[in-house]
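Architecture at a glance
The chain contents come next:
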Amino acid sequence: MIPSGAPIVTAAEMRAAEQAVFASGVSQDSLMERAGAAVARETARFATGRPILILAGPGNNGGDSYVAARLLQNAGHDVSLVATGAPAPGAAERMHALWHGPTSSLYAARPRPVLVDGLFGTGMTRPLERGLAAVFADLCKQAEFTLAIDLPSGIHADTGADLGAPRGIDVTLALGALKPGHLLDIGLERCGRVLLADIDIPVHTRWRTVTRPRIDTPGAHSHKYSRGLVAVIEGAMPGAARLAARAAMAGGAGYVVLAGDRPWGEGPDALVRREVRTAEDLSEFLGWDRIDAIVLGPGLGRDRRAEAYLRAAFAAPKPLILDGDALTLLGTDAARWLETRAAPTWITPHSGEFDRMFAGVGSKIDRTLAAAAEARATIVHKGADTVIAAPKGEVRLLAHGSRWLSTAGTGDVLAGLLAAQVVQSGKGVAPAEAAVWLHARAAQLAGPALIADELIGHIPGAISECL
Ligand SMILES: NC(=O)C1=CN([C@@H]2O[C@H](COP(=O)(O)OP(=O)(O)OC[C@H]3O[C@@H](n4cnc5c(N)ncnc54)[C@H](O)[C@@H]3O)[C@@H](O)[C@H]2O)[C@@H](O)CC1
Ligand SMILES: Nc1ncnc2c1ncn2[C@@H]1O[C@H](COP(=O)(O)OP(=O)(O)O)[C@@H](O)[C@H]1O
Ligand SMILES: [K+]
């Protein structure tokens, strides 16, 4: 289970943090002993006496393997080791010299019930050689339990990109801190369970996993307006706006208004309707000073009226949450438009919408951060590997999403939930982090085969865990 609020560092930041530890007087060997001891401890816990095969690569990830192999053997485990090349000069070479157990080459390796992957960690920069990847994948397949040291070999530490990583890793033991590769892209599905080993390397970063928010029970003097008024704008597909409006209510907003021109169907009766037929109507409505946040985009459509609604919402000096069609309408002009807003803006694109708005290179974190800075907006870049980024460099990564969220309308729910957090907890990353946490937790509570309507019903349950 990935700890919430855990720091996330790039490979370069991790190396810098290690250098600072060395500069403080800790030797490279003793840091490697710490890392190897953590690997040995976790491996022993899961091996429960079964024979262990350890793969050691040429770098420091291999160095950790040699330490773990020695400690496990000393503790009475049946350990054999595969070395894929001569260890690099330095600590890895010295740890290799201390290993006196059975060693074979990769191509002569026999599968064993427990496999430890110490081929490559944060030094992984290019795809695994094909022959090596095939043997590694086969050893994983035949093992009953596989643990990866720091990262699965074949996952890029900074991007989570697939460089030939096998399927079937059960546990990845992140050393010192999480890396983006544990949470992004293919890395998210290939790491198995991620455990974090504290090996006493201080890291300083503004990147963390999403944390459970603390939510206050309304005070004695609270009233519907003090708890925040959310205005949701309806468009061509009214169901989407209704989902957002209902999610804003369930998310704790004091008052939710659905503005549009559709006939009113079934409840909820607590949802207030406001008739809006034209952009002029909308501008007049958005001038109401009780409004604390506006949601525009779910089911908006992309016709001329939708464009006019977008302009009206942009002109309103209120916190604005833009989703769905509003983002598609912004298109490649998104940054230019967004950076003109004086009031805070949050946008919640999925990857398709994001790619239509922003160019950019690098990992999902790099691209989302660059877009946030350019657009001067907080971005919730959705997906299994949801990334939240703010203009000043704050980043949050979701570590407990539910795959069952991949169904229509759950993004509309997130937009409404975000508006409810905006009116209650203010600026920047905090409301986005709270909304993403609650959304993911509600999905877990809703369980398999959830539909967006039912997800809303579990938001209060998720909130009750935050009081
Ligand atoms: N410096 C230390 O004492 C510590 C290091 N640690 C371990 O050290 C790891 C990082 O070690 P390194 O920087 O030596 O890097 P790795 O051991 O991850 O990789 C070794 C070298 O392999 C080469 N390489 C990359 N991709 C390759 C490929 N596809 N095929 C063949 N060779 C390839 C690279 O030149 C790289 O430097 C961490 O992941 C962690 O396991 C941690 O235990 C903390 C302590
Ligand atoms: N495979 C997945 N695993 C976890 N969460 C997912 C996955 N696919 C989508 N989600 C989440 O589900 C929601 C879908 O939003 P979106 O794509 O906007 O759908 P819609 O527009 O139909 O509401 C987002 O919160 C997203 O992060
Ligand atoms: K590894």
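Every value quoted in this text rests on a predicted model; they were computed, and no experiment measured them.

Parameters and conventions
Residues numbered from 1 in each chain as written. Chains lettered and ligands numbered in written order. Predicted model: local features only at pLDDT ≥ 70, side-chain atom pairs only at ≥ 80, totals over all residues. Heavy atoms only, no water. Helix = DSSP H or I, 4+ residues; strand = E, 2+ residues; numbered from the N terminus. Rg over C-alpha atoms; globule rule 2.2 N^0.38 Å. Buried < 20%, exposed > 50% of the residue type's maximum accessible area, 1.4 Å probe, protein only. Contact = heavy atoms within 4.5 Å. Areas by Shrake-Rupley, 256 points an atom, 1.4 Å probe, with all protein chains shown as cover. Donors = N, O, S within 2.8 Å, 3.2 Å for Na, K, Ca; no water. UniProt positions renumbered as here; feature names shortened; annotations may be inferred. Core = buried A, V, L, I, M, F, W, Y, C linked by side-chain atoms within 4.5 Å. Domains from an automatic or database assignment. Near = heavy atom within 4 Å. Polar contact = N/O pair within 3.5 Å; in protein donor to acceptor, adjacent residues only side chain to side chain. Nonpolar A, V, L, I, M, F, W, Y, C, P; charged D, E, K, R; others polar. Buried area = accessible area lost by both parts, 1.4 Å probe. Salt bridge = Lys/Arg side-chain N within 4 Å of Asp/Glu carboxyl O. Pairing = 2+ DSSP bridges. Axes fitted to C-alpha atoms, helices over the stretch in contact; angles between N-to-C directions. Right-handed = clockwise from strand over helix to strand, strands pointing away.

**A word on the overall build of the protein**
The secondary structure content of the protein amounts to 17 helices and 17 strands. The C-alpha atoms of the protein give 25 Å as radius of gyration, which agrees with the globular expectation for 467 residues (23 Å, within 12%). A principal-axis box enclosing the C-alpha atoms of the protein has dimensions of 80 × 40 × 40 Å. In the protein, buried positions account for 55% of the 467 residues. Residue pairs at least 24 apart in sequence account for 71% of intrachain contacts in the protein once pairs closer than 6 positions are excluded. When the accessible surface of the protein is summed, it comes to about 19,200 Å², and 51% of that surface belongs to carbon and sulfur atoms.

**Describing the coordination of the potassium ion (ligand 3)**
Distances from the potassium ion (ligand 3) to its protein donors, Asn61 (OD1), Asp117 (O), Phe120 (O), Ile149 (O) and Leu151 (O), fall within 2.5 to 3.0 Å. Along the chain, the residues donating to the potassium ion (ligand 3) fall in the pattern N-x55-D-x2-F-x28-I-x1-L. Of this pair, Asn61 sits in helix 3 (residues 60-74) while Phe120 sits in the loop between strand 4 (114-118) and helix 5 (130-142), placing them 59 residues apart in sequence. Taking relative accessible area as the criterion, Phe120 reaches 25% and is therefore assigned partly exposed.

**Description of the UniProt feature "domain: YjeF C-terminal" (unreviewed entry) in the protein**
UniProt's feature table lists "domain: YjeF C-terminal" (unreviewed entry) at residues 207-466, given in the numbering used throughout. Along residues 207-466 the backbone is 42% helical and 15% strand, and the end-to-end C-alpha distance reaches 22 Å.

**So, the nonpolar core**
Here is a general trend for soluble globular proteins: nonpolar side chains tend to be buried in one another's company. Core analysis: the biggest nonpolar cluster contains 56 residues, and Ile233, Phe285, Leu286, Leu296, Leu322 and Phe358 have the highest contact counts within it. Sorting elements by how many residues they give to this core places helix 9 (residues 304-315) first, with seven residues. When residues of this core are sorted by domain, at least three fall in each of domain 1 (11-206) and domain 2 (229-464). When residues no more than four places from it in sequence are discounted, the contact partners of Leu322 are Leu296, Leu310, Phe314, Leu327, Leu330, Leu338, Thr345, Trp346, Ile347 and Thr348.

**Here we look at the UniProt feature "binding site: AMP" (unreviewed entry) in the protein**
According to UniProt, the positions carrying the feature "binding site: AMP" (unreviewed entry) are Lys382, Gly383, Ala384, Asp385, Thr386 and Gly411. Annotated residues spanning 30 residues; largest pairwise C-alpha distance 14.1 Å, indicating a single compact cluster. In this structure, Gly383 sits in the loop between strand 15 (378-381) and strand 16 (387-389). When its relative accessible area of 40% is taken as the criterion, Gly383 is described as partly exposed. In contact with Ala384, other than residues within four places in its own chain, are Leu188 and Arg403.

**A word on the site of ligand 2**
Near ligand 2 lie 16 residues; those nearest to it are Lys382, Gly383, Gly409, Thr410 and Gly411. The contact in question runs from an oxygen atom of ligand 2 to an N or O atom on the backbone of Leu405, over 3.1 Å. Expressed as a share of its isolated accessible area of 580 Å², the protein-covered part of ligand 2 is 78%. When residues of the shell around ligand 2 are assigned to their parent elements, the largest contribution, four residues, is made by helix 14 (residues 410-425). Its residues assigned to classes, the shell around ligand 2 comprises four nonpolar, nine polar and three charged.

**Let's talk about the domain arrangement of the protein**
For the protein, the assigned domains are domain 1 (11-206) and domain 2 (229-464). The distance between the C-alpha centroids of domain 1 and domain 2 comes to 41 Å. If you look at the interface, domain 1 gives eight residues, while domain 2 gives 15 residues. Regarding the contact of domain 1 and domain 2, the summed buried area is about 860 Å², with carbon and sulfur atoms giving 60% of it. Sorting the residues of domain 1 by area buried against domain 2 places Leu183, Leu184 and Arg206 first, and these three jointly supply 67% of that buried surface. The tally of links from domain 1 across to domain 2 stands at one salt bridge. With a shortest N-O distance of 3.1 Å, Glu394 and Arg206 are connected by a salt bridge.

**Quick notes on the sheet that holds strand 5 (residues 145-149)**
Either a parallel or an antiparallel arrangement is found when strands of a sheet pair, and the pairing is made through backbone hydrogen bonds. Read from one edge of the open sheet, seven strands run 3-2-1-4-5-6-7, paired in parallel fashion. The sheet terminates laterally at strand 3 (103-104) and strand 7 (193-197), the two strands that pair on one side only. Of the pairings in the sheet, the one linking strand 1 (residues 52-56) to strand 4 comprises five bridges and is parallel in character. For Ala56, the partnering residue across the bridge sits in strand 4 and is Gly118.

**What to know about the sheet that holds strand 13 (residues 320-322)**
With respect to topology, ten strands assemble into an open sheet ordered 8-17-16-15-14-13-12-9-10-11, the strand pairing being mixed. Looking along the sheet, the strands with just one partner apiece sit at the ends: strand 8 (207-209) and strand 11 (272-275). Taken over all neighbouring pairs, the strand axes of this sheet differ in orientation by 20 degrees on average, direction set aside. Pairing of strand 10 (residues 255-260) with strand 11, which is carried by four bridges, proceeds in the parallel orientation. Across the sheet, Leu258 pairs through a bridge with Arg273, a residue of strand 11.

**Re the pairing of strand 1**
By the criterion of burial, strand 1 is predominantly enclosed, with five of the five residues buried. Bridging between strand 1 and strand 2 (residues 79-83) involves five bridges; their strand directions are parallel. Counterpart to Leu53 in the pairing with strand 2 is Ser80. Remark: the strand 1/helix 3/strand 2 crossover connection has right-handed handedness.

**Describing the site of ligand 1**
Taken together, 21 residues lie around ligand 1, and Asn60, Asn61, Asp64, Gly121 and Asp150 are the ones closest in. Gly121 is positioned such that a nitrogen or oxygen atom in its backbone is 2.6 Å from an oxygen atom of ligand 1. Between ligand 1 and the protein, one listed contact pairs a nitrogen atom with a backbone N or O atom of Thr125 at 3.4 Å. Alone, ligand 1 offers 860 Å² of accessible surface; in the complex the protein occludes 82% of this. Mapped onto the shell around ligand 1, the elements with two or more residues apiece are helix 1 (11-23), helix 2 (28-47) and helix 3. Broken down by class, the residue content of the shell around ligand 1 amounts to nine nonpolar, eight polar and four charged.

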